[in-house]
Amino acid sequence: MGDLEVLVSPADAEAMWILIGAVGFLLAVIIGVVLKSASRKTHLPSPTETTESARTVTSPQTTSSKPSVQTEDDFAPSKSLRQALANTEQSLFGRMKSLWSSDQIEKNFEEIEEVLYTSDLGPQTVEKLMSSVKEQLGRSEKKNMESVKSALKSEFQEIFQNADIREPLQDQPMKYLVLDKKPAVWMVVGVNGAGKTTSIGKIAAHLARSGKKVLVAAGDTFRAAAGNQLKVWTERAQVEIFSPENVTDPSAVAFDAVAKAVAQNYDVVIIDTAGRLHTQANLMEELKKMKRVIAKASTEAPHETLIVLDANSGQNALIQAKQFHQALGLTGVVLTKMDGTAKGGVAVGLANELKIPIRLIGVGEKIGDLRAFSAQEFVDSLF
């Protein structure tokens, strides 16, 4: 033992231990690297990482290529009729408030008449209103704004009553449109830009919601954009569109659509139509032809001939209605874009001059903003 201790000196022993420690440290580093690498390969993503990954690989087409299906909220109106008619009310009676400060009764009535003329009621309607108010009111009452408003309100109500406008049930906006035929055939007319295609889409959505089997015919074959827009709306409303390829005759489209509806037991057929041809005469002749052809496909059809009018057009809307009514015999009016216009008074002119009932009005973008027209609510909103 003594000899061994002499062979391994203290300096050599210290060097050996230093070498062993260095080797151990190196091995520890190598093992750590290996374990970390293995951990990366076998690591499972957290729920958050999984969600983010799914978002990355989801195709945009799954969320944006098709129109969204309507919800219950889509059928809730975005505003009241009073809110929608705020500009019309301000235009009509807001301008009258300053007219009762003078004792010059006749002058005041001339100014009242001017206000009515510029509210797009139409000359014939204004003359009727002014004549009736003068007959109703005594000299002192003519200086009282509330008395004049009351008299005008009474006249407005009578005009709507004479146009066979009945108070609707707001949860049944199609209540007074023909639905007791099978199929009920509705022909929808109006100039381009009035909101015809959009109105057809919203009408289809309301009918589908009530359980009706609906077919929409793309009869505006002159404008490709109309067919595309109608297709988007029918997908959204979950109703079928009839738009045969390579068929450019709108009357042929209408006939085949009605024939299909008869054969396949549809409840309602809504037929879109052109809003502009090369001349107004050509348009009317084409629409007359379409109406005759529809009657051959189904007896008594079309059961409704509805015109869509833009309230912002004011007196132009009244002129359009007269032209279409003369050619086709309109059964009802859809008055769109009533929100934001000061020309809502055209509704009174339509009812007075043409005696055509206003069935639906549009007061916003949502499906629920196409709603049944209530004459009572309309009058109350203005007065």
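Residues numbered from 1 in each chain as written. Predicted model: local features only at pLDDT ≥ 70, side-chain atom pairs only at ≥ 80, totals over all residues. Heavy atoms only, no water.

Things to note about the packing of helix H13 (residues 280-297) against helix H14 (residues 315-328)
Spelled out, the test is: Convention adopted: a line fitted to C-alpha atoms gives each axis, helices being fitted over their contacting stretch, and angles between N-to-C directions are expressed from 0 to 180 degrees. Think of it this way: any DSSP run of H or I at least four residues long counts as a helix, any run of E at least two long counts as a strand, and we number them from the N terminus. Orientation is classified from the angle alone, with under 35 degrees giving roughly parallel, over 145 giving roughly antiparallel, 65 to 115 giving roughly perpendicular, and any other angle giving oblique. Take the far helix as the reference: if the near one is turned anticlockwise from it by less than a right angle, the crossing is left-handed, and if turned clockwise, right-handed. Contacts between residues were defined by any pair of non-hydrogen atoms, one from each residue, lying within 4.5 Å. Under the convention adopted here, Pro, Cys and the residues Ala, Val, Leu, Ile, Met, Phe, Trp and Tyr are nonpolar, Asp, Glu, Lys and Arg are charged, and Gly plus all remaining residues are polar.
Across the interface, H13 lies against H14 with an axial gap of 10 Å and an inter-helix angle of 40°. Classified by the angle their axes make, H13 and H14 are oblique. Judged by the twist between their axes, the crossing of H13 over H14 is right-handed. Contact with H13, carried on its side by Gln 280, Leu 283, Met 284, Leu 287, Lys 288 and Lys 291, involves Gln 323, Phe 324, Ala 327 and Leu 328 of H14 and no other residues of that element. Partitioned by chemical class, the residues of the contact of H13 with H14 number 6 nonpolar, 2 polar and 2 charged.

Describing the packing of helix H8 (residues 123-136) against helix H15 (residues 346-354)
Close contact between H8 and H15 brings their axes to 9 Å; oriented N to C, the two are set at 85°. Comparing the axis directions of H8 and H15 gives the class roughly perpendicular. Of the residues in H15, those in contact with Gln 124, Thr 125 and Lys 128 of H8 are Val 348, Gly 349, Asn 352 and Glu 353. Here the residues of the contact of H8 with H15 sort into 1 nonpolar, 4 polar and 2 charged.

A few points about the nonpolar core
Heads up, the rule is: By nonpolar core is meant a set of buried Ala, Val, Leu, Ile, Met, Phe, Trp, Tyr and Cys residues that side-chain atoms within 4.5 Å join together. For every residue, the accessible area (1.4 Å probe, protein chains only) is compared with the maximum for its type, and the residue is labelled buried under 20%, exposed over 50%, or partly exposed between those bounds.
Counting residues in each nonpolar core, the largest one holds 70 residues, and the members touching the most others are Phe 160, Leu 335 and Phe 378. Of all hydrophobic cores here, the second largest spans 27 residues; its members include Ala 205, Val 214, Val 268 and Leu 370.

Side note on the pairing of strand E7 (residues 358-362)
What counts is decided by this rule: The criterion for strand pairing is that DSSP finds at least two bridges linking the strands in question.
Of all 5 residues in E7, 5 are buried; the element is thus mostly enclosed. Pairing geometry for strand E6 (residues 332-336) and E7, over 3 bridges, is parallel. The partner of Val 334 across the bridge, within E7, is Leu 360. Pairing of E7 with strand E8 (residues 370-372) involves 3 bridges; the strand directions are antiparallel.

Some thoughts on the sheet that holds E8
Pairing in this open sheet of 8 strands is mixed, and the strands run E3-E2-E4-E1-E5-E6-E7-E8 from one edge to the other. This sheet does not close on itself; its edge strands, each paired only once, are strand E3 (240-242) and E8. This sheet shows a mean twist of 25° between the axes of neighbouring strands, independent of strand direction. Bridge count between strand E1 (residues 184-189) and strand E5 (residues 304-310): 4 bridges; the pairing is parallel.

Section: the environment of Ala 217
Along the polypeptide, Ala 217 turns up in strand E2 (residues 214-217). Classification of Ala 217 by relative accessible area gives buried; the value is 0%. Note: C-alpha distance between Ala 217 and Pro 250 (33 residues apart in sequence) is 9.4 Å. Once you skip the residues sitting within four places of it in the chain, Ala 217 turns out to touch Leu 230, Phe 242, Val 253, Ala 257, Ile 270, Ile 271 and Asp 272.

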